[in-house]
Amino acid sequence: MSVPRSVPPRVGVWLVGARGSVATTVVAGCAAVTAGLRPPTGLVTETPMFADSGLPALSSFVFGGHDTVDCPLPKRAEQLASGGVLPAGLPSAVAAELTAAEREIRTGGPLPGDTREEEQLIAAFTDDLRGFVRRHGLARAVVVNVASTEPAPAGPAFPPSTLYAAAALRAGCPYVDFTPSTGLRHPALADLVASSGLPYAGRDGKTGQTLLRSVLGPMFAQRALAVRAWSGTNLLGGGDGAALADPAAAAAKNAGKERVLADTLGTTPEGQVHIDDVPALGDWKTAWDHVAFDGFLGTRMVLQTIWQGCDSALAAPLVLDLARLLARAHEQGLSGPRPELAFFFKDPEGDAPSSLAEQYAQLERFARRLSGGAEE
């Protein structure tokens with residue numbers, strides 16, 4: 001008589017901004033990797049470092065989310081394939097998974113004309129999350145905010161990101177803020193965050209220009225080279241480009257980029273980062289940096305870098321990594337900010353280093369902790 005194999009518990013990934021480019025790439029990419037259609041390129045949690053960490057399998061993920069737009073995921077995936085973001089033919093190959101995720105997307109808010117109070121919106125979003133967990137018999141669900149960047153709030157009112165964050169806490173869901181929006185950091189949520197007993201991580205995924213800065217900044221400091229000025233320009237389109245055309249939203253985005261330089265160099269060099277909306281670029285972006293520095297005897301030199309990439313393809317594997325890591329942390333009873341995940345963020349929660357090499361070492365220690373090994 002054969003003994004039936006146990007079925008691994010299923011884990012929910014609830015995406016705020018669930019019909020956006022990043023979320024669509026997350027769902028399609030997870031399905032493609034799970035089916036063996038594509039290799040797990042870019043997934044840090046698929047490297048040997050995490051082989052024994054007890055992370056949930058990608059095949060155990062169930063997707064849902066909130067959004068305020070109504071373009072169905074299969075159609076959005078076709079649009080991304082037309083733009084070269086997804087491989088040609090992939091949307092049809094993973095159509096069943098996209099359709100299943102689409103069925104679990106609920107209307108977010110507040111929409112124009114929505115008269116509900118903040119408490120009513122939070123209650124509705126909480127019910128959506130609890131219903132998702134209940135319908136699929138999930139062991140747990142991780143909420144990941146991948147919506148467009150918000151301006152910093154001007155008053156006490158909750159911005160949408162904070163409404164979703166509050167709902168995640170009430171529903172007992174670990175929370176990842178992949179954006180620089182306010183989210184959990186609103187002062188009015190401080191008590192709820194502290195009493196929730198949930199792990200959380202953020203904020204603002206480090207996918208391109210800041211990733212490079214977190215490597216180059218320490219290089220200059222360690223070689224005792226004096227950086228005089230560091231300026232940058234970002235050209236991007238799509239939803240992010242449109243959102244960041246708002247100076248207030250751009251300021252929120254740039255704060256993390258500038259902080260990395262101040263932390264790694266030990267000083268704040270001259271220069272600024274500019275973000276330009278170029279709709280024709282779609283989901284592709286170009287980031288240019290100009291670094292003026294002094295060498296021995298005051299010799300003046302310049303380093304220039306150009307980063308060209310697809311933001312959705314850079315971000316999606318990190319979202320999957322973070323969902324797996326927070327789900328495992330929750331399973332182990334960890335709570336509070338997880339500075340061990342600073343490797344993934346421009347502006348990480350908790351007391352974390354800004355150098356990518358130091359962040360990676362911290363992540364390695366976390367991998368051992370998740371596997372039951374001792375932290376050094």
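Each remark here, short or long, concerns the structure printed above.
What comes next concerns the included structure. (Residues numbered from 1 in each chain as written. Predicted model: local features only at pLDDT ≥ 70, side-chain atom pairs only at ≥ 80, totals over all residues. Heavy atoms only, no water.)

Glancing now at helix α1 (residues 21-34). Given a rise of 1.5 Å per residue, 14 residues ought to cover 20 Å, and the 20 Å separating the end C-alpha atoms of α1 matches this to within 8%. With 11 of 14 residues buried, α1 lies mostly within the body of the structure. Among the residues making up α1, those that are buried are Ser21, Val22, Ala23, Thr24, Thr25, Val26, Val27, Ala28, Cys30, Ala31 and Ala32. (Helix = DSSP H or I, 4+ residues; strand = E, 2+ residues; numbered from the N terminus. Expected span 1.5 Å × (residues − 1). Buried < 20%, exposed > 50% of the residue type's maximum accessible area, 1.4 Å probe, protein only.)

A few words on the packing of aromatic side chains. Using the criterion set out here, one finds seven aromatic pairs in the structure. Measuring from centroid to centroid gives 6.0 Å for phenylalanine 61 and phenylalanine 63, while their planes differ by 80 degrees, and the two rings are edge-to-face. Through a chain of ring-to-ring contacts, the aromatic side chains of Phe220, Trp230 and Phe293 assemble into a single cluster. (Phe/Tyr/Trp six-rings, centres within 6.5 Å; stacked < 30°, edge-to-face > 60°.)

Moving on, we come to helix α4 (residues 95-103). Of all the residues in α4, the buried ones are Leu98, Ala101 and Glu102. Taken around the axis of α4, the buried residues stretch over an arc of 105 degrees, which confines them to a single face. Looking at α4, the residues exposed on the side facing more than 90 degrees away from the buried face are Ala96 and Arg103. Packed against the buried residues of α4 are α1, β2 (61-67), α2 (73-82), α3 (90-93) and β3 (105-107). (Arc of directions from axis to C-beta. Contact = heavy atoms within 4.5 Å.)

Turning next to the state of the cysteines. Applying the stated rule across the entire model yields zero disulfides. No disulfide involves cysteine 173; its sulfur sits 18 Å from that of cysteine 30, the nearest cysteine. For the unlinked cysteine cysteine 310, the closest cysteine sulfur is that of cysteine 71, found at 17 Å. (Disulfide = S-S within 2.5 Å.)

It is the rolling of a water-molecule-sized probe over the atoms that shows where space remains empty. Roughly 370 Å³ of internal volume is contained in the second largest pocket. As for the second largest pocket, its lining consists of 19 residues, of which Thr25, Gly29, Val33, Pro39 and Thr41 are closest to the centre. The set of elements that each furnish at least two residues to the lining of the second largest pocket consists of α1 and α11 (311-331). Of all the elements, α1 adds the most residues to the lining of the second largest pocket, at five residues. For the lining of the second largest pocket, the per-class residue count stands at 14 nonpolar, four polar and one charged. (1 Å grid on protein atoms, 1.4 Å probe; cavity = no way out; pocket = protein on both sides within 12 Å on 5 of 7 lines; lining within 4 Å. Points joined across faces, edges and corners; volume = space filled by probe spheres on them. Nonpolar A, V, L, I, M, F, W, Y, C, P; charged D, E, K, R; others polar.)

Once that is clear, we can look at the pattern of salt bridges. Using the criterion set out here, one finds 19 salt bridges in the structure. Taking the shortest distance from any N to any O, the salt bridge between arginine 324 and glutamate 46 comes out at 2.8 Å. Here arginine 324 is found in helix α11, whereas its partner glutamate 46 is found in the loop between α1 and β2, with 278 residues between them in sequence. Of the charged contacts in the structure, one is a salt bridge between arginine 213 and aspartate 289, with a shortest N-O distance of 2.9 Å. Taken as a pair, arginine 213 in helix α8 (residues 209-222) and aspartate 289 in strand β9 (residues 284-294) lie far apart in primary sequence, 76 residues in all. The two residues arginine 213 and aspartate 289 agree in class, both being buried. (Salt bridge = Lys/Arg side-chain N within 4 Å of Asp/Glu carboxyl O.)

Everything listed here is a matter of coordinates, which is why it stays silent on function.
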